[in-house]
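These are the residues of each chain, in order.
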Amino acid sequence: MEFTEEQLKRYSRHIILPEVGGKGQQKISNAKVLIVGAGGLGCPVGYYLAAAGVGTLALVDNDVVELSNLQRQIAHSVKTLGVNKADSAKQTFESLNPDVNVIAVKERINSKNILDLIKDYDIIVDGTDNFPTRYLINDACVMLKKPLVSGAILRFEGQVTTIIPGDGPCYRCLFEEPPPAGLVPSCQEAGVLGVLPGVIGALQATEVLKLILGKGKPLKGELLIYDALGVNFRKVRIPKNDDCPMCGKNPKIKELSDIPEQYCEL
Amino acid sequence: MNDMKVDKHLDIRGEVCPYTLVKSKLAVENIEVGQVLEIIMDYPEAASSVPKAMLNYGHSVLKVEKINPKEWIVRVRKEVED
């Protein structure tokens, strides 16, 4: 790749890393990443991937920016209150790095549109806030064999894992079904420390860049749990489940199912 | 080894750190293992930092020579694939 003088400056700290170099930076600019949710997690993930020069970055969100989002959703601002979140984040990321083609998808992801939305992307990032969507994204990524970097946050605790379909467990190997509505409180009910999605989102963005570069060890087969109050990072092994309804030997799930309406979204 | 074959020349006079290293690294990426790159530079710090970085990347530094009061020549042989 021939870098422009501006790109040499912008990506200089990447290029001099032995693990990245000009070739790695080229891989980053050829990569296509889709982020579901332009909220607490999607904002920092997208921010760092845009800064890194990921060539195509799609953001899927159908919500609008509200004042209560700004405590943690750092790609939005008072200037974009009432604006669709994918559009708002697109403005921020494009002004950070014009090399990046940011695509705002102003749709709510569902069983009908998900396969079409993700099929042209190399890596999918889950930045959603509810279990049914998390499972839907997992199932669609297993079906299309798309690497998935999943993150979740609540109160002072967050978790990250990387799912490589065909090479390690999927989300349903851990828990076959989502918990019933109302059992696990949402951030709306339970709160979340504003910086927490920054920590978890930065970890997700790191995983995405490692996958693009083919360097290091992906966080597959393990759930990384961060406890902000106790300042603990711990990893829990997730064994691959041969009886997994999605990626086991005899998968029961053949088609995607829709999200019950009673689940709230933030 | 004054008659050593040089496969590629890179002129980074006028460049400062870290672009001296950025351009040197990219030039090494674009030659084959075993080939020799000769870099001419005029940024004093780079005359020591570029050779040091090249050794860290696993390449050989064949020569560092101050050719006049303001310019240096560094020769690097690529030893490993990037």
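As the structure is a prediction and not an experimental result, all values here were calculated from the model.

1. What about the overall build of chain A?
Logical step 1: Within chain A one finds ten helices and eight strands.
Logical step 2: Relative to its length of 266 residues, chain A is compact, with a C-alpha radius of gyration of 18 Å against a globular reference of 18 Å.
Logical step 3: Taking all 266 residues of chain A together, the buried fraction comes to 42%.

2. Some details on the packing of helix 3 (residues 21-30) of chain A against helix 10 (residues 196-213) of chain A
Residue and element names in this part refer to chain A.
Logical step 1: Across the interface, helix 3 lies against helix 10 with an axial gap of 9 Å and an inter-helix angle of 115°. Between helix 3 and helix 10, the crossing angle belongs to the class labelled roughly perpendicular. With respect to the hand of their crossing, helix 3 and helix 10 are arranged in right-handed fashion. Residue-level inspection shows Gly-24, Lys-27 and Ile-28 of helix 3 in contact with helix 10, the latter providing Leu-209, Ile-212 and Leu-213.

3. A few points about the confidence of the model for chain B
Logical step 1: Summing up the model confidence of chain B, the mean pLDDT is 95 and the portion of residues at 70 or higher is 96%.
Logical step 2: Overall fold confidence (pTM) sits at 0.94, and the ipTM for the predicted complex is 0.90.

4. Digging into the pairing of strand 1 (residues 32-36) of chain A
Residues and elements named next belong to chain A.
Logical step 1: Counting buried positions over the five residues of strand 1 gives four, a clear majority of the element.
Logical step 2: Where strand 1 lies against strand 2 (residues 56-60), five bridges are found, and the strand directions are parallel. Counted as the bridge partner of Ile-35 is Leu-59 from strand 2.
Logical step 3: Following the chain from strand 1 across helix 4 (residues 42-52) to the adjacent parallel strand 2, one finds a crossover that is right-handed.
Logical step 4: Relative to strand 4 (residues 123-126), strand 1 is paired through four bridges, and the arrangement is parallel. Across the sheet, the residue bridging to Val-36 is Asp-126, located in strand 4.

5. Side note on the pairing of strand 2 of chain A
Two faces make up the sheet, and in a regular strand the side chains alternate between them.
Residue and element names in this part refer to chain A.
Logical step 1: With respect to burial, strand 2 is a largely interior element, four of its five residues being buried.
Logical step 2: As defined by bridge partners, strand 2 adjoins strand 3 (residues 101-105) across five bridges and the pair is classed as parallel. The partner of Val-60 across the bridge, within strand 3, is Val-105.
Logical step 3: Read from strand 2 through helix 5 (residues 85-96) to strand 3, the crossover connection turns out right-handed.

6. Overview of the interface of chain A and chain B
Logical step 1: Across the boundary between the two partners, chain A contributes eight residues, which contact nine residues of chain B.
Logical step 2: The element that contributes the greatest number of residues to the side of chain A that touches chain B is helix 3 of chain A, accounting for three residues.
Logical step 3: Classifying every residue of the side of chain A that touches chain B gives four nonpolar, three polar and one charged.

The rules behind each value
- Residues numbered from 1 in each chain as written.
- Chains lettered and ligands numbered in written order.
- Predicted model: local features only at pLDDT ≥ 70, side-chain atom pairs only at ≥ 80, totals over all residues.
- Helix = DSSP H or I, 4+ residues; strand = E, 2+ residues; numbered from the N terminus.
- Rg over C-alpha atoms; globule rule 2.2 N^0.38 Å.
- Buried ≥ 20, exposed ≤ 12 C-beta atoms within 10 Å, placed from the backbone.
- Axes fitted to C-alpha atoms, helices over the stretch in contact; angles between N-to-C directions.
- Parallel < 35°, antiparallel > 145°, perpendicular 65-115°, else oblique.
- Left-handed = near helix turned anticlockwise from the far one by under 90°.
- Contact = placed C-beta atoms within 7 Å.
- pLDDT = per-residue confidence, 0-100.
- Pairing = 2+ DSSP bridges.
- Right-handed = clockwise from strand over helix to strand, strands pointing away.
- Nonpolar A, V, L, I, M, F, W, Y, C, P; charged D, E, K, R; others polar.

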